[in-house]
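Structural characterization, general
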Amino acid sequence: TRNNTDAFTAQRVLTMKRGSDGGLFVPYRIPRFSEREILSLAERSFNTNLADLLNLLFGSRLTGYDIDFTMGRYSVRLQQLGQKLIMGECWHNTDWHFSRMVRDLSALVLSSEGEQPELKGWAEIGVRIAVLFGMFGELIRTGFAGIEKTVDIAMVSGDFSAPMAAWYARAMGLPIGNIVCCCNENGSLWDFICHGQLRTDGVARETVVPEGDVAVPEGLERLIGVYGGPAEVEHYVETVRKGCTYYADDAFLQRLRQGIYVTVSSEPRILNTIPNAYSTHGYLLALSSALAYAGLQDYRARTGGMRTALVLSQNSPSCSREIIASALGISRDSLKDYIK
């Protein structure tokens, strides 16, 4: 992000979070899939699509069977809630969390003894892109998505890795509509996208959704780099170093906003969403999923958008039993009857 001369192999950046100048890794070029190639995703299994995208991004030689052996056949599952809402569960593993998938798949791609993947660098974004291609293969196969049938996507904004992965996947040809970035009370991204100013001296407030407890989204530097290049990134980085407020002019801000919508949900709203969603759909949301679900509802209420939407769920409700049980008004022991 901070210069356009240094180049690294795709395998090398699996073990590095940043370049020598502190910049974040971005692809040398963004591959673009044809309409025929996008539609053909429906002809292959989720794990085969996952392997194909990892091979494209990292130069590996994986097959769907490799993913089956490492992650199982159903490590990611789509749950339909109503006619136009789908939960994308990315946590069906031994840790009940998406980070385990990133770790296992990064290690599989790296396939080099003694090297440990850098989970919060380009590895995470690459895995997220591959997972989205696998999900959209299923959505196209079942008729929820198509070339002329875009799907909105909502996720916890956090460090901006998830929204940036969705941005890349859309640029590669997936029929993704608006990317809904869902923030908790740490809503600096909302201030930036809506008002063009980002305070860089803030301190993250601790909430029930730690994935969203980010004062300055680290991955936002990638989006700024996409539209502003190294010069604008240098200005942004210098502002962050000084702890000042970063401002974007109107023309630049309009480019940043393309297909991106930001919502903010309070902690009480997140907690209330859990029993409401269970009452409506019989589906138990994890805390981070509740934040993304609430953000999607706000987006729909404010814009009138009613396209089919995919909500990314990155951990199981079992990861926060005490808080979720309290939100439902039941005992912790009774929660096991709610978790499927």
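Cut-offs used in this document
- Residues numbered from 1 in each chain as written.
- Predicted model: local features only at pLDDT ≥ 70, side-chain atom pairs only at ≥ 80, totals over all residues.
- Heavy atoms only, no water.
- Helix = DSSP H or I, 4+ residues; strand = E, 2+ residues; numbered from the N terminus.
- Contact = heavy atoms within 4.5 Å.
- Areas by Shrake-Rupley, 256 points an atom, 1.4 Å probe, with all protein chains shown as cover.
- Phe/Tyr/Trp six-rings, centres within 6.5 Å; stacked < 30°, edge-to-face > 60°.
- Buried < 20%, exposed > 50% of the residue type's maximum accessible area, 1.4 Å probe, protein only.
- Arc of directions from axis to C-beta.
- Pairing = 2+ DSSP bridges.
- Axes fitted to C-alpha atoms, helices over the stretch in contact; angles between N-to-C directions.
- Parallel < 35°, antiparallel > 145°, perpendicular 65-115°, else oblique.
- Left-handed = near helix turned anticlockwise from the far one by under 90°.
- Nonpolar A, V, L, I, M, F, W, Y, C, P; charged D, E, K, R; others polar.
- Core = buried A, V, L, I, M, F, W, Y, C linked by side-chain atoms within 4.5 Å.
- Salt bridge = Lys/Arg side-chain N within 4 Å of Asp/Glu carboxyl O.

If you tally the helices and strands in the protein chain, you get 12 helices and 8 strands. The principal-axis extents of the C-alpha atoms in the protein chain amount to approximately 55 × 45 × 45 Å. Pairs at least 24 apart in sequence give 70% of the contacts found in the protein chain among residues at least 6 apart. A total of about 15,200 Å² of accessible surface is found on the protein chain, and carbon and sulfur atoms cover 48% of it.

Now for the packing of aromatic side chains. In the structure shown here, the tally under the stated rule is 10 aromatic pairs. Where Trp 91 meets Trp 96, the ring centres are 6.0 Å apart and the plane angle is 55°; that geometry is what we call tilted. The exposure class assigned to Trp 96 is partly exposed, which follows from its relative accessible area of 39%. Among the aromatic residues, ring-to-ring pairing joins Trp 122, Trp 167, Tyr 168 and Tyr 227 into one connected group.

Restricting attention to buried positions, one finds in helix 12 (residues 321-328) the residues Ile 324, Ala 325 and Leu 328. Projected onto a plane normal to the axis of helix 12, the buried residues spread over an arc of 100° and lie on a single side. Those residues of helix 12 that are exposed and aimed more than 90 degrees away from the buried face are Glu 322 and Ser 326. Looking at the buried side of helix 12, the elements it contacts are helix 10 (267-281) and helix 11 (287-303). Gly 329 occupies a position one or two residues after helix 12 and carries a positive phi of about 75°.

What follows deals with the pairing of strand 2 (residues 85-89). Summarising burial for strand 2: 5 of the 5 residues are buried, a large majority. Here strand 1 (residues 77-80) pairs with strand 2 via 4 bridges, running antiparallel. The partner of Leu 78 across the bridge, within strand 2, is Gly 88. With 5 bridges connecting them, strand 2 and strand 8 (residues 309-313) associate as parallel partners.

Tracing the chain through its elements places Asp 95 in the loop between strand 2 and helix 4 (98-110). A relative accessible area of 35% places Asp 95 in the partly exposed class. C-alpha separation for the pair Asp 95 and Arg 257, spaced 162 residues apart in sequence, amounts to 35 Å.

Turning our attention to the packing of helix 5 (residues 122-141) against helix 6 (residues 161-171). Contact pair helix 5 / helix 6: the axes reach a minimum separation of 9 Å and the direction vectors enclose 55°. The angle between the axes of helix 5 and helix 6 places the two elements in the oblique class. The handedness of the crossing between helix 5 and helix 6 comes out as right-handed. Seen from helix 5, the contacting residues are Trp 122, Glu 124, Ile 125, Arg 128, Ile 129, Leu 132 and Phe 133; seen from helix 6, they are Ser 161, Ala 162, Met 164, Ala 165, Ala 166, Tyr 168 and Ala 169. In terms of residue class, the contact of helix 5 with helix 6 is made up of 11 nonpolar, 1 polar and 2 charged.

Turning our attention to the nonpolar core. Core analysis: the biggest nonpolar cluster contains 79 residues, and Leu 54, Ile 129, Val 131, Phe 133 and Leu 310 have the highest contact counts within it. Broken down by element, the residue count for this core peaks at 13 residues, all from helix 5. Discounting chain neighbours no more than four positions away, the residues touching Leu 54 are Gly 59, Ser 60, Leu 62, Ile 67, Leu 105, Val 109, Gly 126, Val 127 and Ala 130. Among the nonpolar cores identified, the runner-up in size contains 29 residues, and Val 209, Leu 291, Leu 296 and Ile 330 belong to it.

At their nearest, the axes of helix 2 (residues 46-58) and helix 3 (residues 64-71) sit 7 Å apart, and the two run at 110° to each other. What the angle tells us is that helix 2 and helix 3 run roughly perpendicular. Residue-level contacts link Asn 47, Thr 48, Leu 50, Ala 51 and Leu 54 of helix 2 to Gly 64, Ile 67 and Asp 68 of helix 3. Tallied by class, residues from the contact of helix 2 with helix 3 come to 4 nonpolar, 3 polar and 1 charged.

A few words now on the pattern of salt bridges. Counted by the stated rule, this structure contains 17 salt bridges. A salt bridge links Arg 100 to Asp 104; the nearest nitrogen and oxygen atoms lie 2.9 Å apart. Residue Arg 100 and its partner Asp 104 are both found in helix 4; the two are separated by 4 residues, about one turn of the helix. With relative accessibility at 22%, the residue Arg 100 sits in the partly exposed group. Relative accessible area serves as the criterion here: at 19%, Asp 104 is assigned to the buried category. Close ionic contact of Glu 138 with Arg 141 constitutes a salt bridge, the shortest N to O distance being 2.8 Å. Residue Glu 138 and its partner Arg 141 are located together in helix 5, separated by 3 residues, close to a single helical turn. If you follow the salt bridges from partner to partner, you end up with Asp 95, Arg 100, Arg 103 and Asp 104 in one network.

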